[in-house]
Structures are given as C-alpha cells and as structure tokens.
Amino acid sequence: MPKPGELTFVAPRGAKPPRHLADLSPAERKEAVAELGEQPFRAKQLSNHYFGRMSNDPESWTDIPAASRGKLTEALLPELMSVVRHVSCDDDETRKTLWKLFDGTLVESVLMRYPDRVTMCISSQAGCGMNCPFCATGQAGLTRNLSTAEIVEQIAAGMRDLKSGSVAGGEARLSNVVFMGMGEPLANYNRVLSAIRRLTDPAPDGFGLSQRGITVSTVGLVPAMHRFADEGLSCRLALSLHAPDDELRDELVPVNTRWKVAEVLDAAWNYAEKSGRRVSIEYALIKDINDQAWRADLLGRLIKNQRVHVNLIPLNPTPGSKWTASRPEDEREFVRRLQAHGVPTTVRDTRGQEIDGACGQLAAAG
Ligand code: SAH
C-alpha cells in the first residue's frame, strides 16, 4: 500500500482510477474474482482481510495461496493513493493528510480526536464545482469526481492508523465520518452512495460503521436530496444554508439561483421525516454579511418547529478574502435569537485552523 512519495507515474488526463475491491458490491467482488479464474469464495476472504480485519498487507493473508494472493492483489487492490504528508495541530488531536491520487490529483482528509469519539472529514471530489465565494475549494473549480474506492480508502487508511496506534493518542476506533472535505458529495451521487454502503455494511462486506455516525453535507442540490431521502438510510444530512434570504444566498451559495431557500428547506424537511434524523443547518458567520440580528430572526422563523439543529461556523477566511468572521457580540446575539425561536443552536469549534485543515481550506495550499 502507499508509502510517501511512491507514486511517480502520472496518468493521462481523463484516465479512470484503477478498479479496487472497495468499488465493488459483494456480488461484484465474486464476479471479479471468478473472472480472474479464482474460486468465488476468495472474494469473501479478501473482504474479510480488507474490511473485516482492516489489513492492507497481503503478505499476512495466509489463508489464500501465495500465487492467488499475488494475482488478486494486483487486480483488486491496486495502490490508489499515497500520503504526501500528515500535518498535526490542536495538541496532535487533529491530523490532516494530503493525498496524491494515481493521476497526481491532490485531495485531503482530516482526522479529529475528541474525548468521546473520533471523526474523519473526507473529500468526495477533487476540487468542487459549486463556486461558493467564501470557500477555498470552490475557488479552484472541479478537477474530477473521486471513485468509490478513493473515498473509502481515505477512511480505511485512517481506521488502520487508529487500529495500529500510529495516530497520536494511541489506539482508537473511528466513530464518525463527515463528507465535509473537498467537493459536493451529492454531485458525485452514485459513488458517494456506494462509499456509504462500504462504510456501513456489516463486516466483512463493509466496515460496519453506524449510519447514524455519517453526515453528508450539501449545498442543496434538491433533486439529489430527494433521492437521498428515498435511500432509507439513517445518515445525517447537513445543509449549507449560510443565508435565510434568496438575495444573499444567491451570492454566497450560487446554486441557490437554481434551487431557492424555500425549496431547499422543503427538501431538508423531507429528508428529516424519511430518515428520522434532525437535519443540521450549516451557517458560516461572516462579519456584516449574513450575521445581522434580523437575519437570525428570519432564519429562526423559517426553521422553528422543524427537526433541525443549527451549526454556526465562524468564517475561516480564505487567503485574499475580503470577508472575515463575525464579531463575538454579533455571534452571541445570533445564537441568542435562534434559541429564542426554540431552535437548537451550537457554534462549531474550529479545529485544524493553523494547518489549513478547517472548513473550506483543504488542499488549496497544496
Ligand atoms: N460541498 C458541501 C461539503 C463541503 S464544505 C457543502 O457545501 O456542504 C463543508 C462545510 O464547510 C460547508 O457548510 C461549507 O459551506 C463550509 N465552509 C466552506 N468554506 C468555509 C469557510 N471558509 N469558513 C467556514 N465554513 C466554510
């Protein structure tokens, strides 16, 4: 598996990431193994090692004869990505990883340890096409979708490091995954969905993580939100609202020109109803832009009495940005007004700020 600096081959533009075990459903794994002339039960053995035991060292897979192991590994466990570097901060409780994919594309993931849980923030696309002006990823545009296995491997690598104790703080298990790294997960719908299946299917088909511990964050692609609601999952949906009125949201989240605040909130409530989970409304507080008391009141009126929770994020200014985080007194007043409407509201901690690992900062610095 990847070691720093190992990838030298740069694939031609437009080439597809190599196929990997984690791209395949259990049935597809059996087919793939049979196509290689191997016994179909080898698929289960491979899954048991990769998903069940979280092992990426085929040498130790001694229940598979060496010759088969070589063939299967070459065909189904190609090296997808290598670590360019890990950077830590917050007393080593936050670790950002910069990954280089097979075609030289860079993406990032962040691992955050808390007293009661471990969360990984992962990327679903290289870059992003949604163009939100306050987000560093949005500035660079979309490079490409990640494959299912490229999404899963960010998690798999984190889980292996946690299991082996090589992450500062000692051995631990991953509990939460948030699709809040680079990219718009619902714009890479099928691969993100398959990745969620790989993460949550019980071992050895998948890693057996709880659906409840997985959060998919979206700018508000309404048709995809409806489709996601119909999957019957109990994942959490986070909606990046950032403004309660169309005039401002058109500017902050340009996809709002297509699907308006009212429509996007309806789609959020539909998700809440079908999943039984509270929707999380993400709102980056930007000084004098969206942090006025009247906007807090407007937001409160729009979302009160719904299955909702508001997550206020102090803006993490991107390089050269004209915008900055709200004054503390304005932030406090915003919280107070939402709470006065009975809306559960918290201010997100800003983990990873000094390593550009905080919201919207991923991989921009390379
Ligand atoms: N595309 C998805 C997921 C990735 S961004 C989405 O937009 O929801 C994860 C969250 O970080 C989003 O709520 C996004 O709006 C927010 N974010 C992006 N840049 C930020 C910044 N500079 N400061 C604070 N939050 C930011």
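As the structure is a computational prediction, the values presented were derived from the model and not from experiment.

Just give me the short version of the overall build of the protein chain, but keep the residues and values in it.
When helices and strands are tallied, the protein chain shows 11 helices and 12 strands. Over its C-alpha trace the protein chain gives a radius of gyration of 21 Å, about what one expects of a compact globule, namely 21 Å for 366 residues. With the principal axes as the frame, the protein chain shows a C-alpha extent of 70 × 40 × 40 Å. Out of the 366 residues belonging to the protein chain, those deemed buried represent 55%. Counting contacts in the protein chain only where the partners sit at least 6 residues apart, residues at least 24 apart contribute 67% of the total. For the protein chain, the accessible area works out to roughly 15500 Å², and carbon and sulfur atoms hold 48% of it. Across the protein chain, the centroid of the 45 positively charged side chains sits 3 Å from that of the 46 negatively charged ones.

Quick rundown of the site of the ligand? Include the residues and the values.
Every one of the 19 residues lining the ligand counts as a neighbour, but Phe134, Ser217, Ser240, His242 and Asn316 are closest to it. A distance of 3.0 Å separates a nitrogen atom of the ligand from a polar atom in the backbone of phenylalanine 134. In this structure, glycine 183 approaches the ligand through a main-chain N or O atom, which is 3.0 Å from a nitrogen atom. Relative to its unbound accessible surface of 530 Å², the ligand loses 96% to contact with the protein. Breaking the shell around the ligand down by element, the ones donating at least two residues are strand E8 (214-218) and strand E10 (279-285). Tallied by class, the residues present in the shell around the ligand amount to nine nonpolar, eight polar and two charged.

Which residues make up the sheet that holds E8, and what are the values?
Here 10 strands make up an open sheet; going across it, the order is E1-E2-E3-E4-E7-E8-E9-E10-E11-E12 and the pairing mixed. Each edge of the sheet is formed by a strand with only one pairing partner; in this case those strands are strand E1 (81-89) and strand E12 (345-347). Here the strands of the sheet are splayed against their neighbours by 20° on average, with no regard to which way each runs. In the sheet, strand E11 (residues 308-314) pairs with E12 via three bridges, with the strands oriented parallel.

Summarise helix H5 (residues 148-164); cite the residues concerned and give the values.
The end-to-end C-alpha distance of H5 is 24 Å, a good match for the 24 Å that 17 residues give at a rise of 1.5 Å each. Here H5 lies mainly inside the structure; 15 of its 17 residues are buried. Just beyond H5, the residue with positive phi is glycine 165, at close to 80°.

Cut-offs applied
In this convention, every chain numbers its residues from 1, walking through the sequence in written order. With the structure being a predicted model, the display of local features is reserved for residues of pLDDT at least 70 and the display and counting of side-chain atom pairs for 80 or more, all residues being used for whole-chain, interface and lining totals. Derived side-chain values reflect all non-hydrogen atoms in the structure, with water molecules and hydrogen atoms excluded from consideration. Starting at the N terminus, helices and strands are each numbered in turn, a helix being any DSSP run of H or I of at least four residues and a strand any DSSP run of E of at least two. Here the radius of gyration uses the C-alpha set of atoms, whereas the globule reference equals 2.2 Å times the residue count to the power 0.38. Relative accessible area decides the class of each residue, using a 1.4 Å probe on protein chains only: under 20% of the type maximum gives buried, over 50% gives exposed, and in between gives partly exposed. Residue contacts are counted whenever heavy atoms from the two residues lie within 4.5 Å of one another. Per-residue and other accessible areas were derived by the Shrake-Rupley procedure at a 1.4 Å probe size, with only the shown protein chains allowed to occlude residues. Charge convention: Lys and Arg are scored as positive, Asp and Glu as negative, and His as well as the terminal groups of each chain are ignored. Think of each charge as sitting on NZ of Lys, CZ of Arg, CG of Asp or CD of Glu. Proximity is defined per residue: any heavy atom of the residue falling within 4 Å of a molecule or strand makes that residue near it. Here a polar contact means two N or O atoms within 3.5 Å. Within protein one must be a hydrogen donor candidate and the other an acceptor candidate, and residues neighboring in sequence count only if both atoms are side-chain atoms. We call Asp, Glu, Lys and Arg charged. Ala, Val, Leu, Ile, Met, Phe, Trp, Tyr, Cys and Pro are nonpolar, and the rest, Gly among them, are polar. Pairing between strands is defined by DSSP: at least two bridges between the two strands are required. Lines fitted to C-alpha atoms define the axes here, with helix axes fitted over just the stretch in contact, and angles between the N-to-C directions of these axes take values from 0 to 180 degrees. In this analysis, the expected span of each helix is defined as 1.5 Å times one less than the number of residues it contains.

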